[in-house]
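Descriptive analysis of the structure
Take a look at the letters that make up each chain.
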Amino acid sequence: MTIDGNYVAGEPAPQQPGSFPVTVGWTQAAIAISSVMVLKTPVNLKMNIEMHGPLLIDFGRHAFSWSTPLEHFPLDAVHTGLETIPGGPDAPPMFELPGHDLDGLLWQIGLNSFDGAPAFWLSSGERYRLTRWPNLTQHSHDMRQVKMIAVLGNAYVSTPELATYSGVEVGEAQRLVNALSLMRILSRSAEAPAVPMAPETAATKRQSLFGRLRTRLGR
Amino acid sequence: MAEHVILFTGPMGAGKTTAIQSLSEIEVVRTEANNSERHIVDKETTTVALDYGEILVDGDEKVRLYGIPGQQRFSFMWSILKKRAKGMILLVNADNPDPIAEMIFFLDEFRELYDRGGVVIGISRADVVVGPTLNEFSEALERTNPGLVIPVFTVDPRDRDQMENVLLALIVNIEMREAFGMLSRTESA
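Residues numbered from 1 in each chain as written. Chains lettered and ligands numbered in written order. Predicted model: local features only at pLDDT ≥ 70, side-chain atom pairs only at ≥ 80, totals over all residues.

The number of helices and strands found in chain A is seven helices and eight strands. Within chain A, the proportion of its 219 residues that are buried is 38%. Contacts in chain A between residues far apart in sequence, at least 24 positions, make up 67% of those at least 6 positions apart. (Helix = DSSP H or I, 4+ residues; strand = E, 2+ residues; numbered from the N terminus. Buried ≥ 20, exposed ≤ 12 C-beta atoms within 10 Å, placed from the backbone. Contact = placed C-beta atoms within 7 Å.)

Here's what the structure looks like:
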């Protein structure tokens, strides 16, 4: 499904005659959000999600409203409709402000779309670096993600390099890159050279305070 | 005995003492006295020398947590402590009259600690006042310190889970910067 309702292959789309194509999961939502954010036009989104009510996104105010808390983010959400709504500073708010910080929603959608493949707006051969850290105290995360974010905060790396440097599968690294990219806090470069990292030996791994403190704190 | 010194800095009222209390596994040693600057921050007492707490990592290896006084008249202590430190958690309260200026001030004061270790910035009281957004804090950092990507989080210093996240982010960032050869060697970390 694109923003104008056309179906894009990749997810099951059981058709309901005369209605919006139903999609499962978050890939189509990620595509819609990215498309609107790139356009930079004063347009907001309303997504209808079965059993979870409407999800309203106000891009201008970087806020969203949804009756489902993000702690209960439904991975297999069934999307039954998508509407664009005129926005801008003069338009009446779609929900009671301030709403919730949009970053938290984008984090979840980015991690849980494209099934570990690159988001469609990314290009092969690119390297990535953070422009700012995500607000980790407000996003559900694990320590592997923190380690990957620390890599991205300090060097331009490709997704395979990120996976190698962080000791995770490429698909897991790709999910994080997708999320940070959807949040628009990654800078991308096709020209940035590879940055070597000191090889992690068994000794350096044992010496890692991060690793030991993680264990000590049970995280 | 292995030890890792982490400083907690920031203006008076940012929550440094509370943050150390949230993290420390020992009774925090607190040195407070009557606040003579209540016209600035309406607290009855404030830290005049040090707060100290610690986390036992393994055996006799410890993370030592030092909270240092926020008032500039105690700046002579800052230079002593930053020489021993591995990293810094800079707390700034969002309801400060100018939280961005405070952040920049303390970062400048402790810049050498960033250069050979690491810094994480925690914005406290962001839930009780509409202050600058995290983006605005990050943009101010980029303007004043181009190229630095310092983690900036909203924090509740009373929340142990959040403070553990902040501490772990600081430590992994220091280790990554070391792995990429980005740390200066001017002082022993």
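Quick look at the overall build of chain B now. When its secondary structure is counted, chain B shows six helices and seven strands. Across chain B, helices and strands are ordered from the amino to the carboxyl terminus as β-α-β-β-β-α-β-α-α-β-α-β-α. In chain B, buried positions account for 48% of the 189 residues. Across chain B, the fraction of contacts at a sequence separation of at least 24, relative to all contacts at a separation of at least 6, is 70%.

Before going further, it helps to examine the interface of chain B and chain A. Taken together, the contacts link 27 residues of chain B with 28 residues of chain A. If you list the elements that add at least two residues to the side of chain B that touches chain A, you get β3 (45-58), α5 (134-144), β7 (152-155) and α6 (160-179) of chain B. Looking at which element gives the most residues to the side of chain B that touches chain A, the answer is α6(B), with 13 residues. When grouped by side-chain class, the residues that make up the side of chain B that touches chain A number 17 nonpolar, six polar and four charged. (Nonpolar A, V, L, I, M, F, W, Y, C, P; charged D, E, K, R; others polar.)

All names here are of chain A. With respect to topology, six strands assemble into an open sheet ordered β1-β5-β2-β3-β4-β6, the strand pairing being antiparallel. Looking at the sheet topology across the chains shown, the edges are occupied by β1 (23-24) and β6 (100-101). The pairing of strand β2 (residues 43-49) with strand β3 (residues 53-58) spans five bridges and is antiparallel. Each residue of the ladder has a partner; that of Leu45, found in β3, is Ile57. Contacts from helix α1 (residues 27-39) reach β1, β2 and β5 (78-86), with the element oriented near 170° to β2. (Pairing = 2+ DSSP bridges. Axes fitted to C-alpha atoms, helices over the stretch in contact; angles between N-to-C directions.)

Let us now look at the environment of A:Gln108. Residue and element names in this part refer to chain A. Within the secondary structure layout, Gln108 lies in helix α2 (residues 102-111). Classification of Gln108 by C-beta neighbours within 10 Å gives buried; the count is 20. Measuring from C-alpha to C-alpha, the distance between Gln108 and Arg175 comes to 10.0 Å, with 67 residues separating the pair along the chain. The residues contacting Gln108, other than those within four sequence positions of it, are Leu70 and Phe73.

To continue, consider the packing of helix α1 (residues 16-23) of chain B against α6(B). All names here are of chain B. Where α1 meets α6, the closest approach of the two axes is 9 Å, and the angle between their N-to-C directions is 95°. Between α1 and α6, the angle falls in the class roughly perpendicular. Counting all contacts with α1, which are made through Ala19, Ser22 and Leu23, the residues of α6 involved are Arg160, Met163, Glu164 and Leu167. Split by residue class, the contact of α1 with α6 holds four nonpolar, one polar and two charged. (Parallel < 35°, antiparallel > 145°, perpendicular 65-115°, else oblique.)

Moving on, we come to helix α7 (residues 209-217) of chain A. Residue and element names in this part refer to chain A. Among all positions in α7, only Leu209, Phe210 and Leu213 are buried. Buried residues in α7, looked at end-on, bunch into an arc of 95°, giving them a common side. Following α7 by one or two positions, Gly218 has its phi on the positive side, about 70°. (Arc of directions from axis to C-beta.)

Distances and angles like these do not, on their own, reveal function.
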